[in-house]
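Chain by chain, the residues run as shown.
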Number of protein chains: 2
Amino acid sequence: MESYKKLETIFTKVYRLDHFLGLGNWDMNTNMPPKGEESRGEAMAMLSELRFGFITAPEVKDLIESATKGSDKLNAVQRANLREMKRAWKSATALPAEFVGRKMRLTTQAHSVWRDSRKANDFVKFLPVLRDLVALAREEGAYLAAGTSLSPYEALMNEYEPGITTQKLDEVYANVKSWLPQLLKDIVQKQSGDAVIAFSQKFPQDKQEALCKEFMKIWHFDTDAGRLDVSPHPFTGMTKEDCRLTTNYIDDTFVQSLYGVIHESGHGKYEQNCGPREHITQPVCNARSLGLHESQSLFAEFQIGHATPFIDYLTTRLPEFFEAQPAFSQDNMRKSLQQVKPGYIRIDADEVCYPLHVILRYEIERDLMEGKLEVEDVPRAWNAKMQEYLGLSTEGRDDVGCLQDVHWSMGALGYFPTYSLGAMYAAQIMASIRKELGDDKVDECLRTGELGPLLEKQKEKIWDHGCVYETDDLMTRATGETLNPEYLHRHLEARYLKA
Amino acid sequence: MESYKKLETIFTKVYRLDHFLGLGNWDMNTNMPPKGEESRGEAMAMLSELRFGFITAPEVKDLIESATKGSDKLNAVQRANLREMKRAWKSATALPAEFVGRKMRLTTQAHSVWRDSRKANDFVKFLPVLRDLVALAREEGAYLAAGTSLSPYEALMNEYEPGITTQKLDEVYANVKSWLPQLLKDIVQKQSGDAVIAFSQKFPQDKQEALCKEFMKIWHFDTDAGRLDVSPHPFTGMTKEDCRLTTNYIDDTFVQSLYGVIHESGHGKYEQNCGPREHITQPVCNARSLGLHESQSLFAEFQIGHATPFIDYLTTRLPEFFEAQPAFSQDNMRKSLQQVKPGYIRIDADEVCYPLHVILRYEIERDLMEGKLEVEDVPRAWNAKMQEYLGLSTEGRDDVGCLQDVHWSMGALGYFPTYSLGAMYAAQIMASIRKELGDDKVDECLRTGELGPLLEKQKEKIWDHGCVYETDDLMTRATGETLNPEYLHRHLEARYLKA
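Computed from a prediction, not measured in an experiment: that's the story for all the values here.

J.: Whenever I open this one, helix H10 (residues 255-273) of chain A confuses me. Can you help?
T.: Because an α-helix completes one turn every 3.6 residues, residues spaced three or four positions apart along the sequence face the same direction. Residues and elements named next belong to chain A. The first and last C-alpha atoms of H10 sit 27 Å apart over 19 residues, in line with the 27 Å expected at 1.5 Å per residue. In terms of burial, H10 is a largely internal element, 17 of the 19 residues being buried. Phi turns positive one or two residues past the end of H10, at Gly-275, with a value near 85 degrees.

What follows is the structure, given as structure tokens:
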């Protein structure tokens, strides 16, 4: 018990450092003037080193061993917390310092090579660096997998999504691939006659901001414990007690800023409520995984935000903020917000196309890691899969193909799957909520913007538990089963074909 | 040399922590939502402890000793840096941990008692706490004075203004008291016939902000390395590479926000340029003292901002920002901005009355520390001095008398003198600049708002040197002599009687 308590003290210190790392990052993206960049970078690096030092101090190993021996004296939450501490410690100590330095140097160099290659649409320029990055990822995966039953690629994925296996993902994605490409064709066919009226007026930024803040209220976001600001890329950050969202505004449409805020409000609600709050400084109050975190933002954005009755509700609210215009009819807003259209760029994709973008990347990454694909064959594989899944060719256009994402240049292999897991978890959770509350009640919530009952269910099923349960257990408690892609299937069919 | 280099590494880390303490404080005053307060407080406390730990680590003592022994191998800037490191180390290690804890508990309690007593105009309520605070300050002064020739009160003052002595201050203030009370009477007499036209229109906040930002430009403030924001009390903070000013806006006048920004720009220019910049993370690049820091803000606010030709310049710029109104005549703006009027509240005082407020507090503090005044006699002493210096009675109104300031409740005895030293340094520096550039050139700068030549001189005389020279040496190099209150005397006479 004494060892465990000492570990709690250490991880509270880590939480306090994370407070400043979060603040430094938020400020960097919202306020910092250009000449502040260098010293902010130095200060962030110094704090990260201190943080690393706290977790990897020799005493931590001894304390974990001793706390584990005495874990019969811990309650369930404490045992879960100890498990998460171990995970953080293992992750921090798995990589030799020499490797960490080498990775930092390579990824720093890779980032600028990737940027230039993408700009020049020149994959060959990126090729040697990509070869090094894949070799590095294999090495990193091997370090992380040591002493576990995981493969190197699984070990990388587990850094973002603890508990995930290649076998499970292969099964899930095989399922998705068996119906999604055809479903997409059917939807595009069904929508082919739809004429969408474009917005005809500009949307002043202050009105857009007022609309965004109104929708944060609709999501019961606690603005006494958070804020909304502007940054180049929307994000949610800082700390659980002071959770800050960002969005950005363009004149032509309110949809980008509003749905950015709805998405981030989903993340923000999870942060503001995550885990048994009396342990707020402890790892057990962290989000369960990146996939689960994304599930909460996608629940807000798609399960609620793009649902037909909710679009109708939004449509009724628009005249309070903007001058009337022909595009503001209920029918047109539905068509506009539920339009499905295959495109090259993942981050611009709708909820139907998005999983296919992720599966494509997952399969390429997995095969690279397992030596089944050579790096020089990536553009060819990309093009083939793009044709098969989305009906588009990227031949000769690697800039909108395999060079479009920053992740590989950061050495972040194993990250992409979390994006699609989020969509599947979200659909599964909504299916379970519909079962418990009834479709009529859920649709009433969506139609009236009274989201309380849905948020209560999210809290009860996901937020309250933080990291107390591992993902399979959490999902089983929340929905009666582990990850099942059929819920996403039914959701997309119901929304885009049957309506 | 090796020891010295190790010390540099340690103080660079301290600088990085100060970066986050500065950011945390700035954010707390500008952005932080209410529920973020507790966790911010915990995080700030944790970082302060870490900072303290870096400076007081046993190795630092050894490194300082060894670096001092080898200091013949250091250049002048390095030797000055070592001296400042020693000062920081001595200051951090002088107080036993037990005392620090006791002071924190007492001042936390004292703050709320003080706030309530002031609100209730009830000195008796504050009396027992003030007694404890004075006892504590004597104890703190004794710790800080150990091994030096300073008295306990001098040791406290030296924490803010290194090198200052009671003897010097007594001389200086005796000089000021010999002419300022009479000068004040003469000025009030001279101005008694002046009728000042009040502002007749509201000033929209966005226009005030534009005016403030324009005047930051006039001060050549580098907005790529800083910002302007809003906070309840104006301040300058963060870090040298990213220096942030704040002000606040009221509808009735632009003077408060503008002169707030001018004052803070003075601080900001010093921060943005302080010391030999290649040593930016080192103590030698800190501001020389609080008095010198204040001298740079008061130079901006009074030596420049309230000078008649500069008021004329400001007046010509007003129509670009606000609708014309009768108060905007040159004559009225001069009268309005140079109005002298004794009042109870120090922070609202004009530059003529201000030093008298400070002398009053200094004399009371000094006598309390030296046992020449009992705490229960403070209101009586305050009233007597207020009558003598400013011709006002505070009898029965301790809320606007001895209870008006927060400093004593914070245990910050010895702080007040820095406020008046700043005004005297500023007048002395301007006299020296006038001598070098000539009155015509200086007045031309003021009249045209082309402040470049004045800022260049400030840089050359003060900013460039940071802590390389101690204060007397710095002032002698800058102005030919150490602190001399006659320059303030001549300045006030020239501005308020002879014009």
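J.: Even after reading the chapter, I still don't get the sheet that holds strand S1 (residues 226-230) of chain A, so can you show me in this structure?
T.: Think of a sheet as strands paired side by side through backbone hydrogen bonds, with each pair either parallel or antiparallel. Residue and element names in this part refer to chain A. Strand order across the open sheet formed by three strands is S1-S3-S2, with mixed pairing between neighbours. The open sheet is flanked by S1 and strand S2 (236-239), the only strands paired with a single partner. Taking each pair of neighbouring strands and ignoring which way they run, the sheet shows an average axis angle of 25 degrees. Note: S1 against strand S3 (residues 242-247), five bridges, orientation parallel. Bridged to Val-230 within S3 is Thr-247. Packing of helix H1 (residues 2-30) onto the sheet brings it into contact with S1, S2 and S3, and relative to S2 it is tilted by some 140 degrees. Sheet strands in contact with helix H9 (residues 205-218) are S1 and S3, and its direction is about 150 degrees off that of S1.

J.: I would appreciate a short explanation of the relation of the copies chain A and chain B in the present structure.
T.: In summary, the two copies of the chain are related to each other by a rotation about an axis coupled with a shift along it. Aligned on chain B, chain A shows an RMSD of 0.1 Å; the corresponding rotation is 180 degrees and the shift along the axis is 0.0 Å. On the angle and the small slide along the axis, the relation comes out as a two-fold axis. For chain A, the smallest separation between a C-alpha atom and the rotation axis is recorded for Phe20(A), amounting to 3.3 Å. Looking at the interface residues of chain A, 100% of them are also at the interface in chain B, so both copies use one shared face.

J.: Hey, could you run me through the packing of helix H8 (residues 166-191) of chain B against helix H16 (residues 417-437) of chain B in this one?
T.: If you want to describe how two helices pack, look at the angle between their axes and the distance between the axes. Residues and elements named next belong to chain B. Contact geometry of H8 with H16 gives a least axis separation of 12 Å together with a crossing angle of 65 degrees. By crossing handedness, the relation of H8 to H16 is classed as left-handed. Across the interface between the two elements, Leu-169, Val-172, Tyr-173 and Val-176 of H8 pack against Pro-417, Ser-420, Leu-421 and Met-424 of H16. Among the residues making up the contact of H8 with H16, the classes are represented as seven nonpolar, one polar and no charged.

J.: Looking at this model, I keep getting lost on the sheet that holds strand S2 (residues 236-239) of chain B. Mind explaining?
T.: Residues and elements named next belong to chain B. If you trace the three strands from one edge of the open sheet to the other, you get S1-S3-S2, paired in mixed fashion. At either end of the open sheet lies a strand with only one pairing partner, and these are strand S1 (226-230) and S2. Shown here is a sheet whose adjacent strand axes are inclined to one another by a mean of 25 degrees, direction ignored. Contacts between helix H10 (residues 255-273) and the sheet are confined to S1, S2 and strand S3 (242-247), with S3 contributing the most and set at about 165 degrees to the helix.

J.: Can you help me understand the domain arrangement of chain A in this one?
T.: By a widely used convention, the size of an interface equals the accessible area lost when the partners come together. Residue and element names in this part refer to chain A. For chain A, the assigned domains are domain 1 (1-94) and domain 2 (121-498). With centres defined by C-alpha atoms, the gap from domain 1 to domain 2 works out at 27 Å. Each partner contributes to the interface: domain 1 provides 22 residues, whereas domain 2 provides 29 residues. When domain 1 packs against domain 2, the two sides together hide about 2100 Å² of surface, and 58% of this comes from carbon and sulfur. It is Tyr-15, Trp-26 and Val-77 that lose the most area in domain 1 upon contact with domain 2, and together they represent 30% of the buried surface on that side.

J.: Help me out: how do you make sense of the interface of chain A and chain B in this one?
T.: Taken together, the contacts link 35 residues of chain A with 35 residues of chain B. Scanning the region where chain A abuts chain B turns up four salt bridges. Among the salt bridges present, the one from Arg244(A) reaches Asp27(B), with a minimum N-O distance of 2.8 Å. The interface formed by chain A and chain B includes 10 residue pairs in polar contact (both at pLDDT 80 or more).

J.: In this structure, what is going on with the packing of aromatic side chains? I would like to understand it.
T.: Both the distance between ring centres and the angle between the ring planes are used here to describe each pair of aromatic rings. Evaluation of the coordinates by the stated rule reveals 43 aromatic pairs over all chains. Ring geometry for Phe203(A) versus Phe322(A): centroids 4.9 Å apart, planes at 85 degrees, classification edge-to-face. Of the two residues, Phe203(A) sits in the loop between helix H8 (166-191) and H9 while Phe322(A) sits in the loop between helix H12 (308-317) and helix H13 (330-337), which places them 119 residues apart along the sequence. The exposure class of Phe203(A) is buried, given its relative accessible area of 1%. Taking 5.3 Å as the distance between ring centres and 70 degrees as the angle between the ring planes, the aromatic pair formed by Phe203(B) and Phe254(B) counts as edge-to-face. Here Phe254(B) lies in the loop between S3 and H10 and Phe203(B) lies in the loop between H8 and helix H9 (205-218), a separation of 51 residues in the sequence. Assigned by exposure class, Phe203(B) and Phe254(B) land together as buried. Three or more aromatic residues link up through ring pairs in this structure, and these residues are Phe199(A), Phe203(A), Phe254(A), Phe321(A), Phe322(A) and Phe328(A). In this structure, Arg244(A) packs its charged tip against the face of Trp26(A), placed 4.3 Å from the ring centre.

J.: Quick question: what am I supposed to make of the environment of Pro309(B) here?
T.: All names here are of chain B. Assignment of secondary structure puts Pro-309 in helix H12 (residues 308-317). Using a relative accessible area of 19% as the deciding quantity, one classes Pro-309 as buried. Residues Pro-309 and Val-442, spaced 133 residues apart in sequence, show a C-alpha to C-alpha distance of 9.9 Å. Residues in contact with Pro-309, not counting those within four places in the same chain, are Asp-443, Leu-446 and Arg-447.

Here is what the cut-offs are and how they apply
Residue positions within a chain follow its written sequence, with the count starting from 1. Written order determines the labels here, with chains lettered from A and ligands numbered from 1. This being a predicted model, a pLDDT of at least 70 is required before a residue's local features are given, and a value of 80 or more before pairs of side-chain atoms are given or counted; all residues contribute to the totals for chains, interfaces and linings. Excluded from the side-chain calculation are hydrogens and water; included are all heavy atoms of the structure. Every helix listed is a DSSP run of H or I at least four residues long, and every strand listed is a run of E at least two residues long, numbered separately from the N terminus. In this scheme, a helix's expected span is set at 1.5 Å multiplied by one less than its residue total. The buried label applies to any residue whose accessible area, calculated with a 1.4 Å probe on protein chains only, is under 20% of its type's maximum; exposed applies above 50%, and partly exposed to all values in between. Note on pairing: DSSP must find at least two bridges between two strands before they are called paired. Orientation is described by lines fitted to C-alpha atoms, with helices fitted over the stretch in contact, and by angles between N-to-C directions that extend from 0 to 180 degrees. When checking whether two residues touch, look at their non-hydrogen atoms; a contact exists if any pair is within 4.5 Å. Superposition of the copies used a least-squares fit over C-alpha atoms from residues whose pLDDT is at least 70 in both. Crossing handedness follows the turn of the near helix against the far one: under a right angle anticlockwise gives a left-handed crossing, and clockwise gives a right-handed one. Amino acid classes used here: Ala, Val, Leu, Ile, Met, Phe, Trp, Tyr, Cys and Pro are nonpolar; Asp, Glu, Lys and Arg are charged; the rest, including Gly, are polar. What counts as a domain boundary in this text is fixed by an automatic or database domain assignment. By convention, the term buried area covers the 1.4 Å-probe accessible surface removed from two parts as they join, with the contributions of both added. Every case where a carboxyl oxygen of Asp or Glu lies within 4 Å of a side-chain nitrogen of Lys or Arg is listed as a salt bridge. Under the rule applied, a polar contact is a pair of N or O atoms within 3.5 Å (in protein, one hydrogen donor and one hydrogen acceptor; residues adjacent in sequence only if both atoms are side-chain atoms). Stacked, tilted and edge-to-face are the three classes assigned to paired rings of Phe, Tyr and Trp, where Trp is represented by its six-membered ring and a pair needs centres within 6.5 Å; plane angles under 30 degrees give stacked, over 60 edge-to-face, the rest tilted. Whether a charge sits over a ring depends on NZ of Lys or CZ of Arg being within 6 Å of the ring centre and within 35 degrees of the ring normal.

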